[in-house]
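Structural overview for review
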Amino acid sequence: MAKMKGADLITEYLVASKIPYVFGICGHGNVGMLDSLHAARDRITMISPRHEQVAAHMADAYFRVRHEPVATLTSCGPGSCNIVMPLQVALSDSSAVFAITANVPTSQFNRSPFQEINKHYQADFPNIIRPVVKRSWQPTRVDMLPLAMRQAMTTMLSGRPGPVNVDVPFNVFQEEDDVDMPPPSPPLNAQRSGASPDEISVCADIILKAERPVIFIGHGVTLSEASRELTELVHRLQIPVISSPNGMGCLDMTDPLSLGFIGRNGAYPANEAGRRADVVIAIGARFDDRSASSWLPGYSWNFPSTKLIHVDLDPAELGRNYPPDIGLFADARTFLRQMLAEIERRGAKGDRTRAWIADIKTWQAEWEKFVRPNFDIHASPIRPERIVADCQTVLPPDAILACDVGVNHNWYMQFWKARQPQTMLNSWGFSGMGFGAAGALGAKLAAPDRPVVAIAGDGCFTMVPHVLCTAVEYNIPVVWVIWNNFGWVSIRDIQLGMFGGRELGTMFHEGPNRKPYNPDFAAWARAAGVEAATVTRSQDFKTALEHAVKSNKPYLLDVHVDAEVRPPATGAWQLPPTPYKEPVFGQRYVPDLAPAK
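All values reported here derive from a predicted model rather than from experimental measurement.

**A few points about the overall build of the protein chain**
Scanning the protein chain for helices and strands turns up 22 helices and 22 strands. A compact globule built from 597 residues would reach a C-alpha radius of gyration of about 25 Å, and the protein chain, at 25 Å, matches this within 12%. In terms of its C-alpha atoms, the protein chain occupies a principal-axis envelope of roughly 80 × 70 × 45 Å. In the protein chain, which comprises 597 residues, the share counted as buried stands at 58%. Taking the intrachain contacts of the protein chain between residues at least 6 apart in sequence as the baseline, contacts between residues at least 24 apart amount to 76%. Just so you have it, the protein chain exposes about 23,500 Å², and 52% of that area is on carbon and sulfur atoms.

Structure representation (structure tokens):
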């Protein structure tokens, strides 16, 4: 045993666990921890953004790119409350964040000292954070820290990864005790579960008898690092792949068997294949409302007339929305390897899907004919398709796109072709505004030799504009593309569609003439020390993006986008009891209601 301060034990455990960064904000509650990090600054780097929300988004994005966690550090009360939203973003999308929060000294519990939360329980921050983490620990003595740190790290990375919290009272950072340093926890994917041989045999029977199978992949395939196995199985059996945003790139999306995203703003071939499939193999994917057209039959899926094989590490997802014909509690890569071995043993090929693949090629051609002309239109303000197309042309296959939420994200979900896994970062499950603009900083630290571009709506960016300061302070060469359409346009469109064309509080205006208003984002960036340009003509965007990426500096492009061009809906989305609209391209198909041939 060694006599150590609590803060030193935490620091040494982070170093031993190969945590390279702490993203944190100072406060009176965590100054003891900051002092310990100062002493270890040659072994672990502290980066201090201007807001706790940004710190957590940075940690989230760092993990999504490298599959290695980093820590956050926040102080008592409001500072730690600021990470609640981004931790839920991470929890919803199965992203690991090691959140260290500070609290008041134990001797002052229940005395209402500065920033104590104690309405129902002493130093009660763990009850605030509990719903948004896998678990929270509050060690109140130094000798409790070793167990708490080890359990938290293990919980964060085991099974379905996610954020955890260790809430440390002020005195525990400063007090000393004789303690043993706990051993590092296993890294992500060190422990994998598989299906039983009987389950694999049944799955193979179902898949090999299918004439119209599809595979639906989610973040579980990305986290499992199963891209190679997925690609091999897909090519071996000639099964097309539908992807959730966080699964994009696990199969190169330029592959003819990649159908893209599904749901209201999905690609037409994906929705058409989903609703006409006879077997769906869902691997590490949730059937949330946006990828299932609000669970309305015939728009994206047709369960139970379609058979469902559902594979997931989280048993809570098996049957949450659609009862599977066979549910497998298994790691994605392990399952795919088991299936490949079974297919090899049987000598199976994809002969049964030839007619199905021919149908899919027809749908892909129809979709391409419908959308492609819009990608060639030059206009001012710029059509959204041009921005997606020029990003696709300029950025190399390993570039990382950090997409913020809003109508900009809808366009990228529908048309972006990720070439590699872990290159398309999304706040999908919780859709927290600011994730892309802030997370891009963490993504760049995780991949310093690759371009990182944030696609951030004007609304999202104005929530976290201080990311500019952090980029300059720490020389993080991120490119921000501000999707400037002068409003919360995705919500405006919902409002207009549901309420007879009436709109309130969704567009940005100034003066009696209600002229569209936004700050001069390029001037704002330059004031922070970031190079910037305003782009109002589509002919200029590609060159501007090329220059921004090649500069290898923090760079902002204020791009004026046409707010009146909407993504073509190919599925449905409903907020009951309000009505929903039929697809713009394609139509509902339910086998029981289909006309007889």
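Structure's up, so let's keep going.
**Brief notes about helix H13 (residues 332–346)**
Its 15 residues place the ends of H13 21 Å apart at the C-alpha level, agreeing with the 21 Å of an ideal helix rising 1.5 Å per residue. What H13 keeps buried is the set Ala 332, Arg 333, Thr 334, Phe 335, Leu 336, Met 339, Leu 340, Glu 342 and Ile 343. Structurally, H13 contributes buried residues whose contacts are with helix H9 (197–209), helix H10 (219–223), helix H11 (227–237), strand S12 (279–283), strand S13 (307–312) and strand S14 (326–329). Between the side-chain oxygen at the start of H13 and the backbone nitrogen of Arg 333 there is a gap of 3.2 Å, and the oxygen is on Asp 331. Two residues or fewer past H13, Gly 347 is found with a positive phi of approximately 65°.

**Describing the pattern of salt bridges**
Opposite charge on two side chains makes pairing possible when the charged atoms of those side chains draw close. The full count for this structure, using the stated rule, is 31 salt bridges. Between Arg 275 and Glu 272 there is a salt bridge, with the nearest N and O atoms lying 2.8 Å from each other. Highlighted residues: Arg 275 and Glu 272, both in helix H12 (residues 268–276), separated by 3 residues, approximately one helical turn. The exposure classification of Arg 275 matches that of Glu 272, with both residues buried. The partner of Arg 492 in a salt bridge is Glu 564, with the nearest N and O atoms 2.9 Å apart. Here Glu 564 lies in the segment after strand S22 (555–560) and Arg 492 lies in helix H20 (residues 489–498), a separation of 72 residues in the sequence. The exposure class assigned to Arg 492 is buried, which follows from its relative accessible area of 6%. Classification of Glu 564 as partly exposed rests on a relative accessible area of 48%.

**Some thoughts on the nonpolar core**
Ranked by internal contacts, the top residues of the largest apolar core, which has 66 residues, are Trp 301 and Tyr 412. Element by element, the count of residues in this core is highest for helix H14 (residues 354–375), at 6 residues. Among residues more than four places away in sequence, those in contact with Tyr 412 are Met 248, Ile 387, Val 388, Cys 391, Leu 401, Cys 403, Met 424, Ile 455 and Trp 483. Membership of the second largest hydrophobic core comes to 52 residues, among which are Ala 59, Leu 87, Leu 445 and Ala 446.

**What to know about the pairing of S12**
Most of S12 sits out of view: 5 of its 5 residues are buried. Every second residue of S12 is oriented toward a common face, with Val 279, Ile 281 and Ile 283 on one face and Val 280 and Ala 282 on the other, all of them buried. Note that S12 and S13 share 5 bridges and pair parallel. If you follow Ile 281 over to S13, its bridge partner there is Ile 309.

**Looking at the sheet that holds strand S18 (residues 479–484)**
Across the sheet, 6 strands lie side by side as S16-S15-S17-S18-S22-S21; this open sheet has parallel pairing. Unpaired on one side and paired on the other, strand S16 (424–426) and strand S21 (531–535) mark the two borders of the sheet. Taken over all neighbouring pairs, the strand axes of this sheet differ in orientation by 15° on average, direction set aside. Note: strand S17 (residues 452–457) against S18, 5 bridges, orientation parallel. Of the residues in S18, the one forming a bridge with Val 453 is Val 479.

**Here we look at the sheet that holds S13**
Spatially, 6 strands are ordered S11-S10-S9-S12-S13-S14 in an open sheet, and the strand pairing comes out parallel. Each having just a single partner strand, strand S11 (258–260) and S14 make up the two edges of the open sheet. Each neighbouring strand pair of the sheet contributes to a mean axis angle of 20°, computed without reference to strand direction. Pairing geometry for strand S10 (residues 241–243) and S11, over 2 bridges, is parallel. Counterpart to Val 241 in the pairing with S11 is Ser 258.

**Structural notes on the packing of aromatic side chains**
Tallying each qualifying case throughout the model produces 26 aromatic pairs. Judged by centre distance (5.4 Å) and plane angle (45°), the ring pair of Phe 216 and Phe 287 falls under tilted. A residue pair is termed long-range when its members are at least 10 positions apart, and Phe 216 in strand S9 (residues 213–217) and Phe 287 in the loop between S12 and S13 qualify at 71 residues. Overall, the relative accessible area of 0% leaves Phe 216 in the buried class. Assessed through its relative accessible area of 3%, Phe 287 is described here as buried. Judged by centre distance (6.1 Å) and plane angle (10°), the ring pair of Phe 521 and Trp 524 falls under stacked.

**Digging into the side chain of Asp 255**
Along the chain, the position of Asp 255 falls in the loop between S10 and S11. Arg 419 provides the closest opposite charge to the buried, unpaired Asp 255, separated from it by 9.2 Å. Only 2.8 Å separates the side chain of Asp 255 from the backbone nitrogen of Leu 257, close enough to count as a polar contact.

**Digging into the side chain of Asn 302**
Here Asn 302 shows up in the loop between S12 and S13. Take Asn 302: its relative accessible area is 4%, and that puts it in the buried class. Of note is the side chain of Asn 302, whose polar atom sits 2.7 Å from the backbone oxygen of Arg 275. What Asn 302 contacts, discounting residues up to four positions off in sequence, is Gly 274, Arg 275, Pro 297, Tyr 589, Val 590 and Pro 591.

**Digging into the environment of Lys 369**
One can find Lys 369 in helix H14. Put simply, Lys 369 and Asn 82 are 287 residues apart on the chain and 47 Å apart in space, counted from C-alpha to C-alpha.

Conventions we followed
- Residues numbered from 1 in each chain as written.
- Predicted model: local features only at pLDDT ≥ 70, side-chain atom pairs only at ≥ 80, totals over all residues.
- Heavy atoms only, no water.
- Helix = DSSP H or I, 4+ residues; strand = E, 2+ residues; numbered from the N terminus.
- Rg over C-alpha atoms; globule rule 2.2 N^0.38 Å.
- Buried < 20%, exposed > 50% of the residue type's maximum accessible area, 1.4 Å probe, protein only.
- Contact = heavy atoms within 4.5 Å.
- Areas by Shrake-Rupley, 256 points an atom, 1.4 Å probe, with all protein chains shown as cover.
- Expected span 1.5 Å × (residues − 1).
- Polar contact = N/O pair within 3.5 Å; in protein donor to acceptor, adjacent residues only side chain to side chain.
- Salt bridge = Lys/Arg side-chain N within 4 Å of Asp/Glu carboxyl O.
- Core = buried A, V, L, I, M, F, W, Y, C linked by side-chain atoms within 4.5 Å.
- Pairing = 2+ DSSP bridges.
- Axes fitted to C-alpha atoms, helices over the stretch in contact; angles between N-to-C directions.
- Phe/Tyr/Trp six-rings, centres within 6.5 Å; stacked < 30°, edge-to-face > 60°.
- Lys, Arg positive; Asp, Glu negative; His and termini not counted.

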